[in-house]
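Results of the structural survey
Listed below, chain by chain, are the residues.
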Amino acid sequence: MSSKDATTPEGRGPRQDPKALVGVRPRDEVDLALRRLTGRSDAPPQFALGVAAAYRWAMGSGVRAPVTGTSAKYGPDLRLLTAEVDAAVVQLEDPTPQPGVREFTRGVHDALSWVCGYSDIRI
């Protein structure tokens, strides 16, 4: 198998390679963030669910994007991750959602902002 065959179409390297990028972060850092999240009890439940959904989708484990429902055959590239952050911003600006939905969306936004490199705060 050639090295080209072992990479995703986006050229990010093998999907399970811990050094492959998820957004701008190494896959193993995103995986660690997800594992640490599941061990925390101080995050509000809906916020934590949004963060977990975002990390899973970013790593190619989720079937659909948590806000837009977008799917990506090989996992989302930086363009799709950024679009999901933008969609979360739009939803957060809407004053009408239920509190649980707002917290879920905020979790998605904060997690993907870190994954995309827009924030240095890992959730």
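Up top is the structure these notes are about.
Residues numbered from 1 in each chain as written. Predicted model: local features only at pLDDT ≥ 70, side-chain atom pairs only at ≥ 80, totals over all residues. Heavy atoms only, no water.

**Points about the environment of Ala53**
Take Ala53: it is sitting in helix H2 (residues 45-58). Between the C-alpha atoms of Ala53 and Val108, which are 55 residues apart in sequence, the distance is 7.1 Å. Each residue touching Ala53, except ones within four places of it in the same chain, is listed here: Pro66 and Phe104. (Helix = DSSP H or I, 4+ residues; strand = E, 2+ residues; numbered from the N terminus. Contact = heavy atoms within 4.5 Å.)

**Some points on the environment of Ile123**
With respect to the secondary-structure elements, Ile123 resides in the segment after helix H4 (99-116). By relative accessible area, Ile123 is classed as buried at 16%. Residues Ile123 and Leu112, 11 residues apart in the sequence, show an inter-C-alpha distance of 9.6 Å. For Ile123, the contacting residues outside a window of four places in its chain are Ala33, Arg40, Phe47, Val51, Tyr55, Asp110 and Ala111. (Buried < 20%, exposed > 50% of the residue type's maximum accessible area, 1.4 Å probe, protein only.)

**Examining the packing of aromatic side chains**
For the coordinates displayed, the defined rule picks out one aromatic pair. Relative to Trp114, the ring of Tyr55 has its centre 6.0 Å away and its plane inclined at 75 degrees; by these criteria the two rings are edge-to-face. Note that Tyr55 is positioned in helix H2 and Trp114 in helix H4, a separation of 59 residues in sequence. For Tyr55, a relative accessible area of 0% corresponds to the buried category. Overall, the relative accessible area of 4% leaves Trp114 in the buried class. (Phe/Tyr/Trp six-rings, centres within 6.5 Å; stacked < 30°, edge-to-face > 60°.)

**Let's talk about H4**
Its 18 residues place the ends of H4 25 Å apart at the C-alpha level, agreeing with the 26 Å of an ideal helix rising 1.5 Å per residue. Directly beyond the C-terminal end of H4, a positive phi value near 90 degrees is found at Gly117. (Expected span 1.5 Å × (residues − 1).)

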